[in-house]
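The residues making up each chain are set out below.
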Amino acid sequence: ASQRQKLPMSQRTMLGCCWNVRSLNNKVEDVLAYMLDNSLSVLFITETWLTETNNNITAAIKSAGFKIVHRIRSDPDKSRGGGVGVIHRADIILTQVFLSHGATFESVSAKFKDKDGVNIFCACVYRPGVLSDAFFSDFDDFIGSIFVRFTKIVICGDLNIHLDNCRSKHATMFSDLISSYGLTQLVTDPTHRLGHLLDVVICSHKVIESKSIVVNEPDSSIFPSCDHFPVNFQFGKCCSSTTDQKKTIVFRNLKSICMEDFQSDIESELITPDSTNFEAIPVLCVDTTA
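These numbers come from a predicted model, not from an experiment. (Residues numbered from 1 in each chain as written. Predicted model: local features only at pLDDT ≥ 70, side-chain atom pairs only at ≥ 80, totals over all residues. Heavy atoms only, no water.)

### A closer look at the sheet that holds strand 10 (residues 184-185)
Pairing in this open sheet of six strands is mixed, and the strands run 6-7-8-9-11-10 from one edge to the other. Two strands in the sheet have a free side with no partner beyond their single neighbour: strand 6 (95-97) and strand 10. Pairing of strand 7 (residues 106-113) with strand 8 (residues 119-126), which is carried by eight bridges, proceeds in the antiparallel orientation. Residue F112 lies in a different strand from strand 8, and its bridge partner there is I120. Contacting strand 7, strand 8 and strand 9 (152-158), helix 3 (residues 133-147) crosses the sheet at an angle of about 150° to strand 9. (Pairing = 2+ DSSP bridges. Helix = DSSP H or I, 4+ residues; strand = E, 2+ residues; numbered from the N terminus. Contact = heavy atoms within 4.5 Å. Axes fitted to C-alpha atoms, helices over the stretch in contact; angles between N-to-C directions.)

### What to know about the environment of L159
Topologically, L159 is positioned in the loop between strand 9 and helix 4 (169-179). Along the backbone, L159 and V125 are 34 residues apart, and their C-alpha atoms lie at a distance of 7.2 Å. Among residues more than four places away in sequence, those in contact with L159 are V125, R127, F135, F174, L198 and V200.

### Some remarks on the side chain of S41
Within the secondary structure layout, S41 lies in the loop between helix 1 (28-37) and strand 3 (42-46). Within polar-contact distance, the side chain of S41 engages the side chain of R89 at 2.7 Å. (Polar contact = N/O pair within 3.5 Å; in protein donor to acceptor, adjacent residues only side chain to side chain.)

### Observations regarding unusual backbone geometry
At S23, a residue that is not glycine, the phi angle is positive and equals roughly 100°. Position of S23 relative to the elements: it lies in the loop between strand 2 (15-20) and helix 1. Residue classification places S23 among the buried residues on the basis of a relative accessible area of 4%. A positive phi angle, close to 65°, is found at K206, a residue other than glycine. By the element assignment, K206 lies in the loop between strand 11 (199-203) and strand 12 (214-215). Classification of K206 as exposed rests on a relative accessible area of 60%. (Buried < 20%, exposed > 50% of the residue type's maximum accessible area, 1.4 Å probe, protein only.)

### Observations regarding the packing of helix 3 against helix 4
How two helices sit against one another is set out by the angle between their axes and by the gap between those axes. One can describe the packing of helix 3 onto helix 4 by two numbers: an axis separation of 11 Å at closest approach and a directional angle of 15°. It follows that helix 3 is roughly parallel to helix 4 by the angle criterion. Relative to helix 4, the crossing made by helix 3 is right-handed. Across the interface between the two elements, D133, F136, F139, D140 and I143 of helix 3 pack against K169, H170, M173, F174, L177 and I178 of helix 4. (Parallel < 35°, antiparallel > 145°, perpendicular 65-115°, else oblique. Left-handed = near helix turned anticlockwise from the far one by under 90°.)

### Some points on the nonpolar core
Core analysis: the largest hydrophobic core is formed by 57 residues, its most contacted members being F44, F139, F142, V154, I155, F174 and F235. Looking at this core element by element, the count peaks at seven residues for strand 8. Within the second largest apolar cluster, 22 residues are counted, among which are L24, M35, F223 and C226. (Core = buried A, V, L, I, M, F, W, Y, C linked by side-chain atoms within 4.5 Å.)

### A look at empty space enclosed by the protein
This model, assessed by the stated rule, comprises one cavity of 30 Å³ or more. Its volume calculated, the largest cavity comes out at about 40 Å³. In terms of lining, the largest cavity is formed by R71, Q96, V97, F98, L99, S107, V108 and S109. Of all the secondary-structure elements, those providing two or more residues to the lining of the largest cavity are strand 6 and strand 7. With three residues, the single largest contributor to the lining of the largest cavity is strand 7. Its residues placed into classes, the lining of the largest cavity shows four nonpolar, three polar and one charged. (1 Å grid on protein atoms, 1.4 Å probe; cavity = no way out; pocket = protein on both sides within 12 Å on 5 of 7 lines; lining within 4 Å. Points joined across faces, edges and corners; volume = space filled by probe spheres on them. Nonpolar A, V, L, I, M, F, W, Y, C, P; charged D, E, K, R; others polar.)

### Quick word on the side chain of N20
Relative to the helices and strands, N20 resides in strand 2. A polar atom in the side chain of N20 sits 3.1 Å from the side chain of E47. Each residue touching N20, except ones within four places of it in the same chain, is listed here: T46, E47, Y126, D158, D199, C226 and H228.

### Here's the deal with the pattern of salt bridges
Under the criterion given, the structure shown has four salt bridges. Across the pair E106 and R73 runs a salt bridge, and its minimum N-O distance is 2.9 Å. Here E106 is found in strand 7, whereas its partner R73 is found in the loop between strand 4 (66-71) and strand 5 (84-89), with 33 residues between them in sequence. Taking the shortest distance from any N to any O, the salt bridge between E217 and R193 comes out at 3.6 Å. Highlighted residues: E217 in the loop between strand 12 and strand 13 (231-234) and R193 in the loop between strand 10 and strand 11, separated in sequence by 24 residues. Looking at E217, the relative accessible area reads 58%, which means it is exposed. (Salt bridge = Lys/Arg side-chain N within 4 Å of Asp/Glu carboxyl O.)

### Quick word on the environment of I57
Position of I57 among the secondary structure elements: in helix 2 (residues 56-63). For the pair I57 and K27, spaced 30 residues apart in the sequence, the C-alpha separation amounts to 9.5 Å. Apart from the residues lying within four places of it in its own chain, the contact partners of I57 are L24, N25, V28 and L50.

Shown next as C-alpha cells:
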C-alpha cells in the first residue's frame with residue numbers, strides 16, 4: 001500500500017488549488033497524491049468527467065481522507081467531459097449551496113465558516129464551447145445572486161477566455177464585470193500548455209492572499225493528458241485552519257499492481273484446500289501486490 005503523511009496544517013494557513021484535470025477517472029490517485037504532497041485543504045476541479053454522483057472514484061476520494069461536492073454534466077447532448085467539483089479535507093465542514101443560472105457554464109457551489117463563524121462562499125465553474133455574449137449575462141446574474149447573500153466570496157475554475165490578451169474584447173468585458181462587484185481575478189501567469197491564461201481565482205477582499213498564487217507545471221509523465229496547470233494559492237488569515245494534527249493516509253496504488261503476479265496469487269489461493277472465503281481472496285491478493 002502507498003503511504004503518504006499528511007503534513008500538519010498551520011493554524012494560520014489554509015491552502016487551495018484550482019485545476020482542470022481533464023478527467024478524474026484515470027488519475028484520481030495521482031490527483032489525491034498531489035493534494036497530499038502540497039498539503040491542500042481544498043481543490044477546485046474542472047472537467048471531472050464523472051457521470052455518477054457516487055461511484056468508485058468518489059469512494060477512493062473518501063477513503064483517502066477527503067470529501068467531494070460535485071455536479072456531473074447534465075446536458076444529454078454533451079455526455080462526455082465536463083463536470084465540476086470541490087474536493088476538501090474531511091475535517092472541513094463544507095455545505096453545498098444550490099444556485100441556478102443560465103446554460104452557458106457549469107458550476108457547483110458550497111460554503112464553509114471562517115474562524116469568526118462568517119460564511120465563505122466558494123464556487124467551481126467551467127465554461128465550455130464557443131464564447132458568446134450570453135455567458136456574460138449568465139455570469140452577471142450568477143455573481144449577483146451570490147453577492148446579495150455573501151460578503152466573502154471565492155470563485156475558481158476554467159472559463160476558456162484568453163485573459164492574457166489585453167486587446168481581447170471578451171477579456172475586458174470579464175474584467176469589468178467582476179470589478180463591478182468588487183471582486184479581483186488573481187492569476188497573472190499562463191495556466192495552459194499553449195501559453196494562455198484560461199483558469200481563474202476570483203475573490204473578494206483578502207479572502208485569498210494575492211501574492212500566494214503559484215502556477216505549477218505537473219510532471220507530464222504522471223499527468224500526460226493534462227493541458228492545464230494547477231494553480232495553488234493560500235487563503236487569508238480569516239480562513240485559517242483549526243486542525244493542527246498529523247494524519248497518515250494509507251491507500252493502495254492500484255497502478256503498481258503486476259497483473260501477472262496478481263493472477264498467479266489468485267490461482268494459488270483458489271487451489272489451497274483451506275480457501276473457503278472466496279470473496280476475500282481478491283482483497284488479500286491486492287494487499288500483497290499493491
